[in-house]
Amino acid sequence: MRPFIYTRADDVSAAVQAAAETSGSAPANAAPVQFIAGGTTILDLMKLDTMRPERLVDINGLQSALGSIQATDKGLRLGALVRMSQAAEDPQIQRDYPVIAQSLQLAASAQLRNMASLGGNVLQRTRCQYFRNTSWPACNKRDPGSGCAALDGVNRKHAVLGVGDKCIAEYPGDFAPALAALGAVVTITGPNGSRAIPFEQLHRGPDQPERETTLAPGELITGFDIPAGPYTRRSLYVKVRDRQSYEFGLATAAVALHLVDGKVEEARIGLGGVAYRPWRSHEAEAALQGKPLDENSAEAAAQAAFAEAAPRRDNAYKVELGRRTLVRALLEAGRMEI
Amino acid sequence: MANAQGPETTGTVAPPLPTPRKTGGIGAATPRVDGRAKVTGAARYGSDFFGGPDPAYAFLATSAIARGRITEIDDSDARALPGVIDILTHRNVGDRVKPGKTFSDKGYMGTSIAPLASDRVWHDGQIVAVVVADSYEAARDAARRLRVSYADETPSASFDSPGTETVSAESKSKEGEKAGQEKPKVGDAPRAFEAAPVKIDQHYETPTQHHNPIELFTTTCAWDGDQLTVWESSQNVYGYQNGLAEQLGLEPSQIRVVSPFIGGAFGSRGSLTQRTALIALASKRIGRPVVLEATRQQGFTIATYRAETRHRIRLGADQSGKLTALIHEGWEVTSRKDEYKVAGTDASTRLYACPNIDSDVSIVHADRNTPGFMRSPPEVPYLFALESAMDELAYAAKIDPVELRRINDTDREPIKGLPYTSRSLMKCFDTAGQAFGWSRRSAQPGSMRDGDWMIGWGCASTMYPTQVGPAAARVTLRPDGAVRVQTAAHDIGTGAYTVIAQTAADRLGVPLDKVHVELGDTALPPAPVAGGSNTTASVCNVVAKACDEIRRKLAAAVTVSGGPLDGADPGRITLINASVMDDQGRMASLKDAVAKTGHGAVEAYAENIPHGAPPTAMQNLYKGQSALAGGAKLKDRIQFAFGAQFVEVRINARTREIRAPRIVGAYAGGTIVNPLTAKSQLMGGQIWGVSSALHEATEIDRRFARYYNDDLAEYLIPVNADITEVQTIFVPEEDHQVNELGIKGLGELGNVGLNAAVANAVFHATGVRIRKLPIRIESVLDAPVPT
Ligand SMILES: Cc1cc2nc3c(=O)[nH]c(=O)nc-3n(C[C@H](O)[C@H](O)[C@H](O)COP(=O)(O)OP(=O)(O)OC[C@H]3O[C@@H](n4cnc5c(N)ncnc54)[C@H](O)[C@@H]3O)c2cc1C
Ligand code: SF4
């Protein structure tokens, strides 16, 4: 870890001001000034020397502005400083948006969930060790143009969807696929004012791996708006991993279904552990539309979801595992009593 | 806490916990005597000692290549950082630190690769510089600002990599011969195999695994003139002392090694690593104590690990399942420079009756750090292969796997025909099998199901050599009954403090809480390396011997004419209830008895050389050499502990997660000194067995011969949710041939064979035989769903 300056912000505009002092064209994720919320991503990466911010702006003082959960009949609003555990344990979220609660409950460990914020969560970085461990020379994400050690290296956990020849890193988080599935909107305040974008547009593709999001340096995520829908109650999160708890998913599926007489009126499908960025499978959703929910239609949706998969040596199993995970999630959601 | 100096202090602020020390002697389920110190933080581990008031901190820089030469180290940025004091590299260390000899070469080192001896890089993550600074943070920052340039060469990573060198473990190992390395063989196995009506001929593989003790690899060194003190968690303090003396050109008496508590070791702290002498040198150079705390990642390359192995097993049997041929060939990866191997055919050829046996072990030199001991080093990989093959044979011969073991049970080892001192293998199978419910198993693979989960039940044998080492101890008894036991044995979390205290309490007839045990310090009489599951047997026996000497001294004093037990037979005096008693039931207080000796306290120093150890064993022990005797190394008999492992796996029929929620094991280990700590040992082993079957593997990027998943987020071990039920059963066994107290040692018995039991259960669940560990989702993803 390198020496850095630590400051605290008391309100949103102060936080944004403090962060906006940075200049240059560095992507937000590599800007010299970084926000710190729970610190569970950024401190790890600073200790590893992977991230080297010169200044940290602590935003935990914005708790009153960004720390609340509001559920109305229009939808669910989650402040960026809501802790993972807080949202996971919220009875209303558990009842009306189970996929949100479960994606958080099945993530990380109790200690981490108590610390980590939702804003920080969606910005967690890949687990690709070639990225995290700076002694590996080739990583386009850490050092643009240096190559990608994972392409022909150890890539059992890497992504098969949305990958490019510059980077195949998996987006590891659980909450983001649920947000993507439910069509969440992310609200942002920056030096030039506030804006709101579909969550699906927050993370970028692999054309420039070093540039992970569409945030500009100094832009602060203030929260997430999840629109209400007839499918949110019949929703769940299936996470398949090597051990039962405290591990990232190898393949996960966030699904929400609106069923009428056993037929799929509307399906929302997010995938995790298998994709470069938080993944919504519009293809799988379309494949299910109007079909009776059964093994066959679920399988067809899964085929559609992974039609474009591009596996490498060690992660080839993820294509089949990803499909089965989605089938399992769809059938389990279909059986939910709501 | 008013005072947190050591394990003996109790808090004055916090009310003392209700003392759990009701019990006393050998065989009593006794909570750890050091438990309170551990949970309150009073127990101090290696890096808790700062060596003095003004320590400096070291941080390692390690190589980013596995093979080549360092061409340049640009340290200008690093030196410019405030607080940086010194930087050690090959340019200023060179031959100031000798490489030392490895353990298998009668030395003390885990590796003979001396990292700062030259510009040569032998493996990934080799130490290339030690940065010393006023603070840990400055040292870390500076280490990362070193710019090291290399002339790198293409390394060989492992099996099948171009450029590796394969040699026979036997032919190359002159050291091995000295250590009694053999190649177990009897009869004509190839011919018998050819002729056998039932045959198995298969290959098995186990991966690289790392110990990852929770306590990181740390070293603190401080000099007082030409006296060096080293605080470092160690399983072998005398070995470290003597090894460091060799490396630094000192007398062993100039070095003290202190290691009272150890935060996990599993073999990783059995041999001296190269870092320690470098920290001693750094401390000497700057004239200040130096504290090193290596990172989790560095722990993968600056210490040892369990090497990947391959096996070919050929089993021949007649129609009844009786073995007629067993051929076990093993291959093990090691470093370029060292010949470390585990050669587990010693054990795997001595588990079952078989008239024709052959074996062979080869080592494969690659550009890797040198592997080393890791819990049950030979048995874990070699019995994975054998016990998987036995399960395959059971299916081939259509015999229940437990019955197959019964058919091949024996009371003499098959190579030389020596008798086992005791062997309760089938009793263990029957006991554990019953607890597990084995009789309810339907033999057909894929035939058991619970909703979405396919169920598989598997079993395997475990065995571990019973070894005893030479040991010394000093015991002091004071008139008030307070006992002090001193021996440089090691409590690696196993409960050594407790069982040693129990032994002394038992022999001296005092309550357990009167016994104070001091361990892990070269200022104390020597004990062997805490390895090979020998500590309880070696140390409890010598402590008992010292206690008996105290009893004799007291007996002589109290039975003299005019003494309190005048006229009694000194040979029939016992110590009980903090008193001295004769065979008539007459009692004298300890106070009177001690006074009668004319001393203020009675002290005894004892040494013990076990059966089969050379007469020079004690001299060698003082030189840090622990000649463990036993197992298959004795001329007149063979001594092993045995057990039976059962496990249930559940595999999701769709997504194929593999879980092992239920483990049942039964073990016979002679005298169980403390059923509580013994159970913890075995249970930890059982869980580790599942871990080694389903989770643990260090991935290697074969292009660069570098480890990939070098932290605990990526190197998996099971969590509580994975394993919901563990049953650990003791099968009573008496064996006073192995040693006076009849102790066999349990530290490593629990995890052997369990990896095979898991693989066998996976086969039972799916019909797919996985011969390569770890077994993961992708191993069974394509298995058809049984109908
Ligand atoms: C061992 C381990 C296991 C884990 N397992 C899982 C798992 O199974 N599933 C899972 O989903 N996650 C897992 N995680 C990741 C964990 O959920 C994230 O680290 C955590 O959610 C990050 O939140 P934080 O508040 O601590 O972020 P921080 O570390 O504080 O910040 C992360 C990044 O986001 C930026 N940032 C933070 N808040 C904002 C904001 N409001 N606006 C703009 N930028 C912001 C920071 O500048 C920083 O760059 C695991 C983490 C660890 C260490
Ligand atoms: S996959 Fe991406 S993060 Fe990993 S090495 Fe390649 S470029 Fe870097």
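What counts as what
- Residues numbered from 1 in each chain as written.
- Chains lettered and ligands numbered in written order.
- Predicted model: local features only at pLDDT ≥ 70, side-chain atom pairs only at ≥ 80, totals over all residues.
- Heavy atoms only, no water.
- Helix = DSSP H or I, 4+ residues; strand = E, 2+ residues; numbered from the N terminus.
- Buried < 20%, exposed > 50% of the residue type's maximum accessible area, 1.4 Å probe, protein only.
- Contact = heavy atoms within 4.5 Å.
- Areas by Shrake-Rupley, 256 points an atom, 1.4 Å probe, with all protein chains shown as cover.
- Lys, Arg positive; Asp, Glu negative; His and termini not counted.
- Charge placed at Lys NZ, Arg CZ, Asp CG, Glu CD.
- UniProt positions renumbered as here; feature names shortened; annotations may be inferred.
- Near = heavy atom within 4 Å.
- Nonpolar A, V, L, I, M, F, W, Y, C, P; charged D, E, K, R; others polar.
- Buried area = accessible area lost by both parts, 1.4 Å probe.
- Salt bridge = Lys/Arg side-chain N within 4 Å of Asp/Glu carboxyl O.
- Expected span 1.5 Å × (residues − 1).
- Pairing = 2+ DSSP bridges.
- Phe/Tyr/Trp six-rings, centres within 6.5 Å; stacked < 30°, edge-to-face > 60°.
- Lys NZ or Arg CZ within 6 Å of the ring centre and 35° of its normal.
- Core = buried A, V, L, I, M, F, W, Y, C linked by side-chain atoms within 4.5 Å.
- Polar contact = N/O pair within 3.5 Å; in protein donor to acceptor, adjacent residues only side chain to side chain.
- Domains from an automatic or database assignment.
- 1 Å grid on protein atoms, 1.4 Å probe; cavity = no way out; pocket = protein on both sides within 12 Å on 5 of 7 lines; lining within 4 Å.
- Points joined across faces, edges and corners; volume = space filled by probe spheres on them.
- Axes fitted to C-alpha atoms, helices over the stretch in contact; angles between N-to-C directions.
- Parallel < 35°, antiparallel > 145°, perpendicular 65-115°, else oblique.
- Left-handed = near helix turned anticlockwise from the far one by under 90°.

### So, the overall build of chain A
If you tally the helices and strands in chain A, you get 13 helices and 12 strands. Dimensions of chain A, computed from C-alpha atoms along their principal axes, come out at roughly 60 × 50 × 35 Å. A total of 338 residues make up chain A; the buried ones form 58% of that total. Sequence-distant contacts in chain A: of pairs separated by 6 or more residues, those separated by 24 or more amount to 65%. Summed over all atoms, the accessible surface of chain A reaches about 12700 Å², with 49% contributed by carbon and sulfur. Here chain A holds 38 positive side-chain charges and 37 negative ones, and the gap between their average locations is 3 Å.

### Some thoughts on the UniProt feature "domain: Aldehyde oxidase/xanthine dehydrogenase a/b hammerhead" (unreviewed entry) in chain B
The feature "domain: Aldehyde oxidase/xanthine dehydrogenase a/b hammerhead" (unreviewed entry), as annotated in UniProt, sits at residues 40-154 of chain B in this numbering. Taken end to end, residues 40-154 of chain B comprises 14% helix and 30% strand; its first and last C-alpha atoms sit 50 Å apart.

### Description of the site of ligand 2
As a structural note, the neighbourhood of ligand 2 is formed by 15 residues, with Cys128, Cys139, Cys148, Cys167 and Ile168 of chain A the closest of them. For the shell around ligand 2, a count of residues per class yields 11 nonpolar, 2 polar and 2 charged.

### Considerations on the interface of chain A and chain B
Of the residues lining the interface, 39 residues belong to chain A; the matching set on chain B comes to 36 residues. Both sides of the chain A and chain B interface together cover about 3500 Å² of buried area, and 49% of this is carbon and sulfur. Applying the counting criterion to the chain A and chain B interface returns 5 salt bridges. Of the charged contacts in the structure, one is a salt bridge between Arg654 of chain B and Glu295 of chain A, with a shortest N-O distance of 2.7 Å. Elements represented by at least two residues in the side of chain A that touches chain B include exactly α9 (129-132), β9 (235-240) and α13 (317-334) of chain A. No other element matches the 8 residues that α13 of chain A contributes to the side of chain A that touches chain B. In the side of chain A that touches chain B, the residues fall into 15 nonpolar, 8 polar and 16 charged.

### Looking at helix α15 (residues 535-558) of chain B
Compared with the 34 Å implied by 1.5 Å per residue over 24 residues, the 34 Å span of α15 of chain B between its first and last C-alpha is a close match. Extensive coverage of α15 of chain B is indicated by the burial of 18 of its 24 residues.

### Considering the sheet that holds strand β2 (residues 68-74) of chain B
The strands making up a sheet associate through hydrogen bonds between their backbones, and the pairing can be parallel or antiparallel. Residue and element names in this part refer to chain B. Taken in spatial order, the 3 strands make up an open sheet running β4-β2-β6, and their pairing is antiparallel. Strands with a single pairing partner mark the edges of an open sheet, and in this sheet they are β4 (120-121) and β6 (147-152). Pairing analysis gives 2 bridges linking β2 to β4, with the strands arranged antiparallel. From the neighbouring strand, Gly68 faces β4, where its bridge partner is Val121.

### Side note on the environment of Leu248 of chain B
Residues and elements named next belong to chain B. Structurally, Leu248 is set in helix α7 (residues 237-248). On the basis of relative accessibility, which here comes to 18%, the residue Leu248 falls in the buried class. Taking the C-alpha atoms as reference, Leu248 lies 6.9 Å from Ala277; in sequence the two are 29 residues apart. Dropping the residues within four chain positions of it, Leu248 is found in contact with Val97, Leu228, Ala277 and Ala280.

### What to know about the packing of aromatic side chains
All names here are of chain B. Across all of its chains, the model carries 24 aromatic pairs over all chains by this definition. With a centroid separation of 6.3 Å and 40 degrees between ring planes, the pair formed by Phe640 and Phe642 is classed as tilted. A single burial state applies to Phe640 and to Phe642, both of which are buried. Three or more aromatic residues joined by ring pairs make a cluster, and in this case those are Phe429, Phe436, Trp438, Trp457 and Phe646. Looking at Lys199, its charged tip hangs above the ring of Phe193, at a distance of 5.7 Å from the centre. If you follow Arg662 out to its NZ or CZ, it ends over the ring of Phe436, 4.1 Å from the centre.

### Focus: the nonpolar core
Residues and elements named next belong to chain B. Leu315, Leu393, Phe646, Val758 and Val762 are the most contacted members of the largest nonpolar core, which totals 78 residues. No other element matches the 9 residues that helix α11 (residues 379-396) contributes to this core. Apart from residues lying up to four places away in sequence, Leu393 is in contact with Val198, Ile200, Leu315, Ala317, Leu323 and Leu404. Grouped together as the second largest cluster of nonpolar side chains are 54 residues, Val483, Leu519, Val543 and Ala593 included.

### A closer look at the site of ligand 1
Residues and elements named next belong to chain A. Residues in contact with ligand 1 amount to 33 residues; listed here are only the nearest, Phe35, Gly39, Thr40, Thr41 and Asp174. Contact between ligand 1 and Thr41: an oxygen atom at 2.7 Å from a side-chain N or O atom of the residue. Separating an oxygen atom of ligand 1 from a side-chain N or O atom of Lys239 is a distance of 3.0 Å. Burial of ligand 1 by the protein chains amounts to 95% of its free accessible area of 980 Å². Residue assignment for the shell around ligand 1 shows that the elements contributing at least two residues are β2 (33-36), α2 (42-47), α8 (118-122) and β8 (220-227). Grouping the constituent residues of the shell around ligand 1 by class yields 17 nonpolar, 11 polar and 5 charged. Here the shell around ligand 1 spans two domains, and each of domain 1 (5-61) and domain 2 (235-334) adds at least three residues to it.

### Looking at empty space enclosed by the protein
The method is simple in principle: a probe with the dimensions of a water molecule rolls over the atoms, and the space it marks as empty is what remains. What the rule picks out here adds up to 13 cavities of 30 Å³ or more. Reported here for the largest cavity is a volume of approximately 210 Å³. Along the wall of the largest cavity there are 19 residues; nearest its centre are Arg156 and Lys157 of chain A together with Glu699, Tyr708 and Glu714 of chain B. For the lining of the largest cavity, a count of residues per class yields 7 nonpolar, 4 polar and 8 charged. One number sums up the size of the second largest cavity: a volume of about 150 Å³.

### Topic: unusual backbone geometry
Residues and elements named next belong to chain B. With omega at -10 degrees, the peptide bond leading from Leu773 into Pro774 counts as cis. Along the chain, Pro774 falls in the loop between α19 (754-766) and α20 (777-780). Notably, Ala578 is not glycine yet its phi reads approximately 55 degrees, a positive angle. Residue position: Ala578 is located in the loop between β22 (574-576) and β23 (579-581). With a phi close to 65 degrees, Arg656 is a non-glycine residue in the positive phi region. Of note, Arg656 is situated in the loop between β27 (640-652) and β28 (658-668).

### Considerations on the packing of helix α18 (residues 675-694) of chain B against α19 of chain B
Think of two packed helices as two axes; the pair is described by the angle between the axes and how far apart they sit. Residue and element names in this part refer to chain B. At a closest axis distance of 7 Å, the pairing of α18 and α19 adopts a crossing angle of 55 degrees. Taken together, the axes of α18 and α19 lie oblique to each other. For the element pair α18 and α19, the recorded crossing hand is right-handed. Contact with α18, carried on its side by Gln686, Gly689, Val690, Ser692, Ala693 and Leu694, involves Leu754, Asn755 and Val758 of α19 and no other residues of that element. Class assignment for the residues of the contact of α18 with α19 results in 5 nonpolar, 4 polar and no charged.

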